[in-house]
Amino acid sequence: CTAGGKALVWTLPWPEGAQLHPADLDPWFIEVCRRVRLKQTPEGIIACHSTSKAARIDAKLFKGVLGDPWAPVDLKDGKTLTLGPRSFTYKLMYELLIGGNWQRPLCARKAPCDTGDMLLLAEAFSRGNSKTEGYQARAIPVPGGIVERFGAPEMKALADALIEEIAQCDIALRNALALLAANGVYENVKKEHYALTNGPRHAFDRQADILFFPALWHRVQANEASNAALETARRAFKAQLAGLAGDEFERALQTIPCATIYRPRATARARRNFYGALWKNGFVLSPPPEQEEQTLEHL
């Protein structure tokens, strides 16, 4: 394990306080972060565990940038990705692959031998306040011909448009449901009313997350075909989003708290607010006909 430097770090002695310097390690070394040893005893193999006052690798100044072929590097701060309490959402994956603020790791770049479709796999442990919050993973199928476009201005512009369209639906959902929670009185909408919309908004965002990358690949391919194909792809995605947001809105009408005496009026105003915002942003989705609520709106 030492042909090109120390490589399998867990096979080496770990005296208390002793650290390994990156210059002494093989370029492809594999780190260990737990002080665990197996011992053979008359009763069988046992595991011994201990803490350490010093990290195994003396690499604090490098901020984790040690040539790991799987680790994205923040180009602004010069440090590798730490997932923290997050998961691999479409927004994070967009930043890592397309946004331009991260250097994609070697294993996420196209090699000369890569000629067909690819599967991009992101894996990491989510870390919170001095504890591990679980294993996170996401697999993204990538059609052949798409990988070399990561980071290209055209793909970034198309991805930005998708994110903006999702945000427009999210804002419409938030504002309309907050209005419902405020008993339909615009002037009374406060921070606590917006907080009540988090559940439906998170549910919508999870659905949008599933759609994001397939829609982006479709839009990239349509953009290369013709303006008409691009417009068709755009309309199809916006119709999907509007449908998902509409479903969450209608479900939330039954669960968002609102004074009973004001609920008919508040529901009418919330519907007008929600569907009006969608129409204003070019989402073609007709609200359900509610003649009684339209009458109540004028009371």
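A few points on the structure. Please read all numbers here as calculations on a predicted model, not as lab measurements. (Residues numbered from 1 in each chain as written. Predicted model: local features only at pLDDT ≥ 70, side-chain atom pairs only at ≥ 80, totals over all residues. Heavy atoms only, no water.)

1. Regarding the layout of surface pockets
To be explicit about the condition: Buried and open spaces are told apart on a 1 Å grid over the protein atoms alone, a cavity being a set of points where a 1.4 Å probe fits but cannot get out and a pocket being an open set with protein on both sides within 12 Å along at least five of seven lines. Residues with an atom within 4 Å of a point are the lining residues. Grid points are joined across faces, edges and corners, and a volume is the space filled by probe spheres set on the points. The way it works is that DSSP assigns letters per residue, a run of H or I at least four long becomes a helix, a run of E at least two long becomes a strand, and they are numbered from the N terminus.
Here the second largest pocket is characterised by a volume of approximately 340 Å³. Every residue lining the second largest pocket is counted, 14 residues in all, and those nearest its centre are Y90, K91, R201, H202 and D205. Of all the elements in the fold, those that place two or more residues in the lining of the second largest pocket are α1 (90-97), α2 (153-181) and α4 (198-225). Sort the elements by how many residues they give to the lining of the second largest pocket and α4 lands first, with seven residues.

2. Looking at the packing of aromatic side chains
Note the threshold: In summary, the pairing rule links any two rings of Phe, Tyr or Trp, Trp by its six-membered ring, whose centres are within 6.5 Å, and it sorts them by plane angle into stacked for under 30 degrees, edge-to-face for over 60 and tilted for everything else. Burial status follows relative accessibility: with a 1.4 Å probe on protein chains alone, a residue under 20% of its type maximum counts as buried, one over 50% as exposed, and anything between as partly exposed. Lysine NZ or arginine CZ positioned within 6 Å of the ring centre and within 35 degrees of the ring normal marks a charge as sitting over the ring.
This structure, assessed with the given rule, holds eight aromatic pairs. Plain terms: the ring middles of F125 and Y135 are 5.9 Å apart, the flat faces sit at 65° to each other, and that makes the pair edge-to-face. One end of the pair, F125, is in strand β8 (residues 118-127); the other, Y135, is in strand β9 (residues 132-142), with 10 residues separating them in the sequence. Residue classification places Y135 among the partly exposed positions, given a relative accessible area of 46%. Centre to centre, the rings of F274 and Y275 are 4.9 Å apart; their planes meet at 75°, and the pair counts as edge-to-face. Take F274 and Y275: they sit in the same class, and that class is buried. Across from the ring centre of F283, 4.5 Å away, lies the NZ or CZ of K238, which sits over that ring.

3. Side note on the pairing of strand β4 (residues 44-50)
Taken residue by residue, a regular strand's side chains alternate between the two faces of the sheet. Just so we agree on the cut-off: Here the rule is simple: two strands pair whenever DSSP picks up at least two bridges between them.
By the bridge criterion, seven bridges tie strand β3 (residues 35-41) to β4 in an arrangement that is antiparallel. What sits directly across from L38, in β4, is A47. Connecting the antiparallel pair β3 and β4 is a turn made up of two residues.

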